[in-house]
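Residue strings, one per chain:
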Amino acid sequence: MIKKILVVCVGNICRSPTAEALLQHKLASKGISVSSAGLGALVGKPIDATAAQVMASAGLALPEHKARQLTAAMLHDADLVLAMEQRHLQQIHKMAPQARGKALLLGKWLDNAEVPDPYRQQLPAFEHVFKVMDKATDAWLRYL
């Protein structure tokens, strides 16, 4: 049974906190905790301003978010690890080989779609990524 989901990207300021907020909102009644971390986290930084703007327009927010670095202990504690790109999964597998069976792409149910990184891009890139993550998180709901 899945009780703890960990969402992973690189900096932990754009994609993973946005997916964290989406999953928290969609799973609010299920008692599943959702957190996020980064493979190269901008430790201590808040959510990127453009990502926060896109989240807010969808009624979501993580005002207390501070980017944190992914650790092997976090991977061990999670029941499901959702990464944005195939190369993130490869890094996760190197860090914690035992996580191989529970580390999957966020876009797994969308033909293993990867979620592109909108960092330092314009608003339309963030809006596109949000739509991809919204669809991907919806696709996970039947399995959680």
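Structure: above.
Small disclaimer: the values here were computed from a predicted structure and weren't measured. (Residues numbered from 1 in each chain as written. Predicted model: local features only at pLDDT ≥ 70, side-chain atom pairs only at ≥ 80, totals over all residues. Heavy atoms only, no water.)

Student: Sorry if this is basic, but what is going on with the sheet that holds strand β3 (residues 80-83) here?
Tutor: Backbone hydrogen bonds hold the strands of a sheet together, and the pairing may be parallel or antiparallel. Reading across the sheet, the four strands line up as β2-β1-β3-β4 and stay open at both edges, with parallel pairing between neighbours. Both edges of this open sheet fall to β2 (33-38) and β4 (103-105), since each of them pairs with a single strand only. Ignoring strand direction, the axes of neighbouring strands in this sheet form an average angle of 30 degrees. Where strand β1 (residues 4-9) and β2 come together, six bridges link them in parallel fashion. Within the sheet, the bridge partner assigned to I5 lies in β2 and is V34. Set on the sheet, helix α4 (residues 86-95) makes contact with β1, β3 and β4; between it and β4 the angle comes to about 175 degrees. (Pairing = 2+ DSSP bridges. Helix = DSSP H or I, 4+ residues; strand = E, 2+ residues; numbered from the N terminus. Axes fitted to C-alpha atoms, helices over the stretch in contact; angles between N-to-C directions. Contact = heavy atoms within 4.5 Å.)

Student: I keep staring at the pattern of salt bridges and nothing clicks. Help me out?
Tutor: Side chains bearing opposite charge may pair, as long as their charged atoms lie close to each other. Under the definition given, this model contains five salt bridges. Between D134 and K26 there is a salt bridge; the shortest N-O distance is 2.6 Å. Of this pair, D134 sits in helix α5 (residues 123-140) while K26 sits in helix α1 (residues 15-26), and the two are 108 residues apart along the sequence. For D134, a relative accessible area of 26% puts it in the partly exposed group. Between R87 and E85 there is a salt bridge, with the nearest N and O atoms lying 2.8 Å from each other. When its relative accessible area of 44% is taken as the criterion, R87 is described as partly exposed. Bridged by salt links that share partners, the residues R15, E85, R87 and D117 form one connected network. (Salt bridge = Lys/Arg side-chain N within 4 Å of Asp/Glu carboxyl O. Buried < 20%, exposed > 50% of the residue type's maximum accessible area, 1.4 Å probe, protein only.)

Student: I would appreciate a short explanation of the pairing of β1 in the present structure.
Tutor: On a regular strand, one side chain projects to one face of the sheet and the next to the other, so that they alternate. Taken across its six residues, β1 has five buried, putting it largely inside the fold. Handedness of the crossover is the feature at issue here: the chain leaves β1, passes through α1, returns alongside β2, and the resulting connection is right-handed. Inspection of the sheet shows β1 paired to β3 by four bridges, in the parallel sense. For V8, the partnering residue across the bridge sits in β3 and is A83. (Right-handed = clockwise from strand over helix to strand, strands pointing away.)

Student: Please explain unusual backbone geometry as it appears in this structure.
Tutor: Look at N12: it is not a glycine, yet its phi comes out positive at around 60 degrees. For N12, the position within the fold is in the loop between β1 and α1. Although it is not a glycine, R120 sits at a positive phi angle of roughly 65 degrees. When you line up the elements, R120 lands in the loop between β4 and α5.

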